[in-house]
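Structural characterization, general
Single-letter residue listing:
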Amino acid sequence: METQTIHNQNKTQPNTERISGSEAVVRCLLAEGVDIIYGYPGGAIMPVYDELYKYQDKLHHVLTRHEQGATHAAQGYARISGKVGVAIATSGPGATNLITGIADAQIDSTPIVCITGQVGSHLLGSDAFQETDIVGISTPVTKWNHQITKASEIPEVLAKAFYIARSGRPGPVLIDITKDAQFEEFDFHYEKCTGIRSYKPVPTVEIADVEKAAALINNAKKPLIIWGQGIILGEAEAELKSLIEKTGIPSAWTILGASAIPTSHPLNVGMVGMHGNYAPNVLTNHCDVLIAIGMRFDDRVTGNLNSYAKQAKIIHFEIDPAEVDKNVKTDIAVLGNAKESLQLLLPRVLPNTHEAWHQQFKDLYAIEFEKIINHDLHPSKEGLTMGEVLNEINLQSKGDAAIVSDVGQHQMVACRYAKFNQSRSNITSGGLGTMGFALPAAIGAKMAAPERDVVAIIGDGGYQMTIQELGTIFQTRVPVKIVVLNNNFLGMVRQWQQLFFDKRYASTELINPDFVQIAKGYFIEAKKVSKREDLSAAVQQMMQHDGPYFLEVVVEKEGNVFPMIPTGASVSDIRLS
Amino acid sequence: METEKKLFTVSIYTENNVGLLNRISAIFQRRHVNIESINSSVSEIDEVSRFTILVIITEAQMRKIIGQIEKQVEVIKAYYHTDEETIYQESCLFKIKSDLLFEERQIQNIIKESNSRIVTVNREFFVLEKSGRRSEVDLLYRELKPFGIMQFVRSGRIAVTKDEMKITKMLEAFASA
């Protein structure tokens, strides 16, 4: 009884509860509203897994087949829902296997929290079994990371982790927890983080900058908007729609901005960048005011910077001050959250239609349609094209499906041709270009949005980088639709070899296994089509199937993706063939 | 000129956090920027650290790097300044054979004229300390070199700015928010 009294006197927080560090981890996740986490157990994280077992009715753990799959699934979950995705792994190789997904989340601003186990604190630095300096390794690819060696740090650090991951420009956070901190008992108390004094996630919008931007926009004869993922991350879709409808400004998007405005919107003039649409690329070098919103002038968007929109005044709406003037010198930078900035801009801009300017987009679209789009979507040649597969998916999904693409030719085709009716529908690895992203990301996306159709479009190369996640699909029965566009090549590399390396196809041809048999080995319904007349029925069967489904489509072996801005060329020198 | 390389003194106020040095140095490393010198210490504000880093780069590059540094969660504020905008010093230590102090009259003159200070003397060696600008330290080094230097070490630059750093106000604003 005496010890009890002393113990109570030592309590500083009124609402504490004495629990282990590992239980605290689970309780923190629940307090942050996490419902699903993706991971893989191992020695140094076993105490947390033991708690996950006890809490399995409250927190669903999905066992992926590789830790990389766990991070991509967490990314898919985050990208479709806007919530923070969570991945968990053990120390050493478990932790290093997370790195690709973390780097992907960093460059694509995806909010994820990764939790890794670590060897006991007395062993740190001793080259213990499965010890690796994951904080050191992950530093350049995380928004923030931290190692916990005492259980009492867990609530505050995890609260900070979630706050940092989701606030401002989102990104990945890694928290490494030593095994002794997981076992240690302490007085648990959780408070959400609401601010960190050294961290200002959202700059305050300066009205004067908004007014300068409005004046430029109102005087522009040929304005062009290019929006990026900042619209989606900032939940500014409605504001952007109002802005473009009021001002009549032709609006194009970067790959990660796709779906923020429906594809069918008359003011949506398509994708910019290396394999983007002809009109917005060419006319980037003809506009008089370029309004960039929540995008970062990536080199795949700008082509050669020395000949990028030199004639135009540049307005940059941006949440991250480090992006302003990083690649393209701006005339007016409006710092802040896209939603707030656009709300302030909207009443200050004048209605317009810019009809003659729009006509230029229509004229160039007609050229692109005749030379490329029509042949991609309605081919007369023998082999199936990737474009016609996308077209068929569009027809059957009516534009309501979320499309998760991998990296390569099929990705460019998917982003060019997929129809999107609602935001957060295009989930792809943009900045890092991570092959193997799509299959696990589709798992996470479908679990976060079970009411939506989630279709993974993957090449035969990338598919085999994370093919083991079929096991996760089989075990969880998550009803994702998997379409592998098989050309027996690493298609995009082969295309470059054809165009720039005199057709020396070095290590790009793939001798593939029987993908249908592999899917069936995981008890997933599967089908292969190679004839045009079978495509529609096959896609229909896939979309209507109640459960996961694998569809392999054999496409032409040496198809190329056009238009294309060759590396080092100007956006206006985009090639149609 | 934006394209001309210059010497900049970078001052970074940070939360005192394990691993932050790694995060900051990685920003320079990634861009192939050599750090000429680096110093980390407490600052005028309780529990706030201050890094002083010297780099030779263009101003355009400097601005971008400052943006990347400020983006780090635990960095409170980062500044860059030219030599004209700062008061700066370096410090150095010379370990020299004690015999020389008595045998070479000129050494005593050098010590006197350079405004350096003898920190300690014993039978084998004495230690000379000098604070000042790099040129003064370099001059002293050149003057002493012919006599034989047992050990030499020079610190990184430390600098304060002529203008006010508005850190305290920023932190107060956060505390009252």
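As the structure is a computational prediction, the values presented were derived from the model and not from experiment. (Residues numbered from 1 in each chain as written. Chains lettered and ligands numbered in written order. Predicted model: local features only at pLDDT ≥ 70, side-chain atom pairs only at ≥ 80, totals over all residues.)

Focus: the overall build of chain B
- Broken down by element type, chain B carries six helices and nine strands.
- Relative to its length of 177 residues, chain B is extended, with a C-alpha radius of gyration of 20 Å against a globular reference of 16 Å.
- In terms of principal-axis extent, the alpha carbons of chain B reach across some 65 × 40 × 30 Å.
- For chain B, the residues scored as buried account for 24% of the 177 residues in total.
- Sequence separation of at least 24 residues holds for 76% of the intrachain contacts in chain B that already meet a minimum separation of 6. (Helix = DSSP H or I, 4+ residues; strand = E, 2+ residues; numbered from the N terminus. Rg over C-alpha atoms; globule rule 2.2 N^0.38 Å. Buried ≥ 20, exposed ≤ 12 C-beta atoms within 10 Å, placed from the backbone. Contact = placed C-beta atoms within 7 Å.)

What to know about the packing of helix α4 (residues 67-81) of chain A against helix α19 (residues 438-448) of chain A
Residues and elements named next belong to chain A.
- Interaxial distance between α4 and α19 falls to 6 Å at its minimum, and their mutual angle equals 45 degrees. Classed by the angle they form, the pair α4 and α19 counts as oblique. As α4 runs across α19, the sense of the crossing is right-handed. Along its contact with α4, which presents G69, H72, A73, A74, Q75, G76, Y77, R79, I80 and S81, the element α19 presents P440, A441, A442, I443, G444, A445, M447 and A448.
- The residue inventory of the contact of α4 with α19, partitioned by class, reads eleven nonpolar, six polar and one charged. (Axes fitted to C-alpha atoms, helices over the stretch in contact; angles between N-to-C directions. Parallel < 35°, antiparallel > 145°, perpendicular 65-115°, else oblique. Left-handed = near helix turned anticlockwise from the far one by under 90°. Nonpolar A, V, L, I, M, F, W, Y, C, P; charged D, E, K, R; others polar.)

Regarding the environment of A:V269
Residue and element names in this part refer to chain A.
- With respect to the secondary-structure elements, V269 resides in strand β11 (residues 268-271).
- Residue V269 is classed as buried on the basis of its 25 C-beta neighbours within 10 Å.
- Considering only alpha carbons, one finds V269 and I115, 154 residues apart in sequence, at a separation of 41 Å.
- Sequence-distant contacts of V269, that is, excluding residues within four places in its chain, are made with P250, S251, A252, N277, A279, P280 and F361.

Some remarks on the domain arrangement of chain B
- The assigned domain composition of chain B is domain 1 (5-81) and domain 2 (89-154).
- Taking only C-alpha atoms into account, the centre of domain 1 of chain B sits 32 Å from that of domain 2 of chain B. (Domains from an automatic or database assignment.)

Quick word on the domain arrangement of chain A
Residue and element names in this part refer to chain A.
- By the assigned domains, chain A splits into domain 1 (14-188), domain 2 (207-360) and domain 3 (378-554).
- Relative to domain 2, the C-alpha centre of domain 1 lies at a distance of 37 Å.
- Opposite the five residues of domain 1 that make contact, domain 2 presents five residues.
- Tallied by class, residues from the side of domain 1 that touches domain 2 come to one nonpolar, two polar and two charged.

Notes on the confidence of the model for chain B
- When pLDDT is averaged across chain B, the result is 93; 99% of the residues are at 70 or more.
- Predicted complex metrics record ipTM = 0.92 and pTM = 0.95. (pLDDT = per-residue confidence, 0-100.)

Some thoughts on the packing of helix α2 (residues 21-31) of chain A against helix α8 (residues 154-166) of chain A
All names here are of chain A.
- Where α2 contacts α8, the two axes come as close as 10 Å, and the packing angle between them is 30 degrees. With respect to α8, the axis of α2 lies roughly parallel. The chirality of how α2 crosses α8 is right-handed. Residues G21, A24, V25 and C28 of α2 lie in contact with α8, whose contacting residues are I154, P155, L158 and A159.
- Tallied by class, the residues present in the contact of α2 with α8 amount to seven nonpolar, one polar and no charged.

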